[in-house]
Amino acid sequence: AGAAVAITGRRVDRLQALRAEIEELGGRALAVALDVTDPASIKECVETTERDLGPVDILVNNAGMNVQAVPAEVTPEGFDTMFDTNVRGAFFMAQAVGLSMMARSAGGRIINIASIGAFTQLPGLTIYCMTKAAVAMMTKSLAKEWARKNINVNAMCPGFIETELNSDWFQSEGGQKQIKTWPRRRLGVESDLDGTLLLLASDHSRFITGSLFTADDGQSL
């Protein structure tokens, strides 16, 4: 959609492959290694991006993970790992970009990726749902705190989208049974989120902040 994109993550080989794909389509991309659980890595990522691409005016805060375990089997290490990535990492990423936006008095867009688990209990995903509920409240709080700084903060709350993290489960008998409980009996694909994301990243969302957008094909109904 015309944006220069800094693509970030811990697996640099994948970043370079995606960068090449974007550039082949005529876009401009920068691959930056990032571990959101490390404050120094966040700082370096933002500085590198702004040096090589220019000021960040849109942040898609989408680092997230899950440790599969029923509540009785969750370990302190697994609990901390999920909160460090999904909540602590998301907050300090938003803080770093927000501070840069405020320093320039430029405003911008922060789009946090939460989940329908922020407001719907998902079986076997108790801690994950807790982290996404925290992201939802973080979204509302930052939106209010930074409203007069012209920084719009919103969150997308997707339902189940097919990814490499869940494909084995949804191909299993249990996963197929779960899909059949949804109104349309189908998984989403990543591109199903494009419209909402582009709206929140664009000037068309000027009057939208502090909102949680559900995109789940009715799965939470």
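Counting starts from 1 at the beginning of each chain's written sequence and moves along it residue by residue. Given that the model is predicted, a residue must reach a pLDDT of at least 70 before its local features are reported, and side-chain atom pairs must reach 80 or more before they are shown or counted; all residues, however, enter totals for whole chains, interfaces and linings. To get the side-chain values, take all heavy atoms of the structure and skip hydrogens and water.

Moving on: the packing of helix α3 (residues 76-104) against helix α4 (residues 126-145). Contact pair α3 / α4: the axes reach a minimum separation of 9 Å and the direction vectors enclose 15 degrees. Between α3 and α4, the angle is such that the two are roughly parallel. Between α3 and α4 lies a crossing of right-handed hand. For the pair α3 and α4, contact is made by Phe-79, Met-82, Phe-83, Asn-86, Val-87, Ala-90, Phe-91 and Ala-94 and by Ile-127, Tyr-128, Met-130, Thr-131, Lys-132, Ala-134, Val-135, Met-138 and Leu-142, respectively. Comment: axis = line fitted to C-alpha atoms, over the contacting stretch for helices; angle = value between 0 and 180 degrees taken between N-to-C directions. Strands are runs of DSSP state E lasting at least two residues, helices are runs of H or I lasting at least four, and both sets are numbered from the N terminus onward. Each angle is binned into one of four classes, with values under 35 degrees roughly parallel, values over 145 roughly antiparallel, values of 65 to 115 roughly perpendicular, and all other values oblique. By definition, turning the near helix anticlockwise from the far helix through less than a right angle yields a left-handed crossing, and turning it clockwise yields a right-handed one. Pairs of residues are marked as contacts when any of their non-hydrogen atoms sit within 4.5 Å.

Here Asn-150, not a glycine, exhibits a phi torsion of approximately 65 degrees, which is positive. With respect to the helices and strands, the residue Asn-150 is situated in the loop between α4 and β5 (151-158). Here the phi dihedral of Asp-217 falls at roughly 60 degrees; this positive angle occurs in a residue that is not glycine. Relative to the helices and strands, Asp-217 is located in the segment after β6 (212-215).

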